[in-house]
Amino acid sequence: NDLFKLLVNLTERTSRRIAAQKTELAACAEKDKFKLRGDLISANIYRIKKGDAMAEVENFYDETYPAVKIELDVRKTPSQNAQYYYNEYKKCVTAEEKLAAQIKKGEEELAYLDSVFDVLTRADSENDIIQLRLELREQGYIRSNGSKAKPPKALPPMEYKTDDGYTVLVGRNNCQNDQLTLKFAEKSDIWLHTQTITGSHVIIVTDGEIPPDRTIEQAAVVAAYNSKGRNSDLVPVDYCFAKFVKKPSGAKPGKVIFTNYKTAFVKPDEELEKRLRIN
C-alpha cells in the first residue's frame, strides 16, 4: 500500500510539472514576434528617438507592408529597445530547448513509474515487492533505511515451456528485464514486448534455431498476459532477435530501443499462461 501511494504521488507530481513546462513552452511560441520587433526597430532607428513610448512602423516582411505598433521603454535609446527584443527572442529560443529536454525527461520518468506500477500490480510474492523497493531506492525515489542487512536474493525470471518445447523467460521487474535482455539473452534468441504498453521483457531461448510460429504466438500471449494489457481483448506484441535490442545511454531500468521487429496481435489467455508456466 505504501508503494502504491508513493507511485501515485510521484506520478501526479511529475504530471503537474510536465503540464507547467508545456504551458511555458507554448508561451515561447511568441519568440518570432520579439525578433520581428527588434528587426523593425533597427530598420527604423532613424525615425525613433529616446523618450518615445510607441513606434509605428511598416512590416517590410509582409508584402502588404502593414503598420505595426511596437511598445518602447521611454528610458532606453532606440538601439537599447531593439536589443531588449532581441534578448527576449534569445531567451525564448534557449527556454524552448531546455523545456523540450525537460518535458522529454519527464515523460520518460512517467513511463518508468507506470512500468513500476504495473509490476507492483502483478507482484505475487513478498520477494517481488522487496526487489521493487530496492529498485526504487537505487533510482532515488526511496530513502535508504540505513540497514546493513543483506537483502534477499532475487527470484529467477519466470519460466515457461511452449508446446514445441522452447523455454520462454519473463522478467519480474525492470532490473531483471535489463539483465534478461542485455546480459542473459543470446543474439539469436527472440525478444518480445508489448507495443506501447508497459510490461515484462520476454525471451524465447532458441539455441540458434528458428522457432515455429506457434511458439512465437504462445510467447506473445505470455508477454501480453504479463503486461498492463492483461485484461485487454487484443494486444500488439513486438518481437525481434535479441541482437537488435539496445539500451539508450542513461535510460531508466527496463527502457530499451529495438529495430528489425515484427508485431503479433494476440489475446491474453490466463489458462494458456498457467498451463505453460513452470515456475
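Residues numbered from 1 in each chain as written. Predicted model: local features only at pLDDT ≥ 70, side-chain atom pairs only at ≥ 80, totals over all residues. Heavy atoms only, no water.

**Looking at the environment of Q102**
We apply this condition: Numbering of helices and strands runs from the N terminus, with a helix taken as a DSSP run of H or I at least four residues long and a strand as a DSSP run of E at least two residues long. Residue burial is assigned from relative accessible area. The probe radius is 1.4 Å, only protein chains are included, and a residue is buried under 20% of its type maximum, exposed over 50%, and partly exposed in between.
Mapped onto the fold, Q102 is located in helix α3 (residues 78-122). On the accessibility criterion, Q102 (38% relative accessible area) is partly exposed. Measuring from C-alpha to C-alpha, the distance between Q102 and Q139 comes to 18 Å, with 37 residues separating the pair along the chain.

**Remarks on the pairing of strand β6 (residues 202-205)**
As a general feature of sheets, a regular strand has side chains that alternate between the two faces. Here is the rule we go by: At least two DSSP bridges between two strands are required for those strands to pair.
Burial along β6 is two-sided: the face carrying V202 and I204 and the face carrying I203 and V205 are both buried. Summarising the sheet, strand β4 (residues 167-170) and β6 pair through 4 bridges and their orientation is antiparallel. Bridging from a neighbouring strand, V168 pairs with I204 of β6. Relative to β6, strand β5 (residues 190-194) runs antiparallel, the two sharing 3 bridges. In the strand pairing of β6, W191 is matched with I203.

**Topic: the sheet that holds strand β7 (residues 235-241)**
Definition in use: Axis definition: a line fitted to C-alpha atoms, limited for helices to the stretch in contact. Angles are taken between N-to-C directions and run from 0 to 180 degrees. In this analysis, two residues are considered to be in contact whenever any of their non-hydrogen atoms come within 4.5 Å of each other.
Ordered in space as β3-β4-β6-β5-β7-β10, the 6 strands form an open sheet in which the pairing is antiparallel. Because the sheet does not close on itself, it has two edges, and the strands there are β3 (158-161) and β10 (262-266). Taking each pair of neighbouring strands and ignoring which way they run, the sheet shows an average axis angle of 25°. Contacts from helix α5 (residues 174-184) reach β4, β5 and β6, with the element oriented near 135° to β4. Against the sheet, helix α6 (residues 213-225) touches β3, β4, β5, β6, β7 and β10, its axis set at about 40° to β5.

**A few points about the pairing of strand β1 (residues 54-58)**
By the alternation rule, side chains of β1 split into A55 and V57, which are all buried, and M54, E56 and E58, of which none is buried. Alignment of β1 against strand β2 (residues 67-71), held across 5 bridges, turns out to be antiparallel. Looking at β2, one finds that M54 is bridged to E71.

**Thoughts on helix α1 (residues 2-27)**
Put simply, the test is: Working rule for helices: expected span equals 1.5 Å times residues minus one.
Here α1 spans 38 Å end to end across 26 residues, near enough to the 38 Å set by a 1.5 Å rise per residue. Of the positions making up α1, those classed as buried are L3, L7, L10, T14, I18 and Q21. Those residues of α1 that are buried are in contact with α3 and α4 (126-138).

**Looking at the pattern of salt bridges**
Counted only if it meets this: Throughout this description, the term salt bridge denotes a Lys or Arg side-chain nitrogen within 4 Å of a carboxyl oxygen of Asp or Glu.
A complete count under the given rule lists 20 salt bridges for this structure. A salt bridge links R47 to E58, with the nearest nitrogen and oxygen atoms 3.2 Å apart. Note that R47 is positioned in the loop between α2 (31-43) and β1 and E58 in strand β1, a separation of 11 residues in sequence. A salt bridge links D73 to R75; the nearest nitrogen and oxygen atoms lie 3.0 Å apart. The network of salt bridges with shared partners includes D124, E273 and R277.

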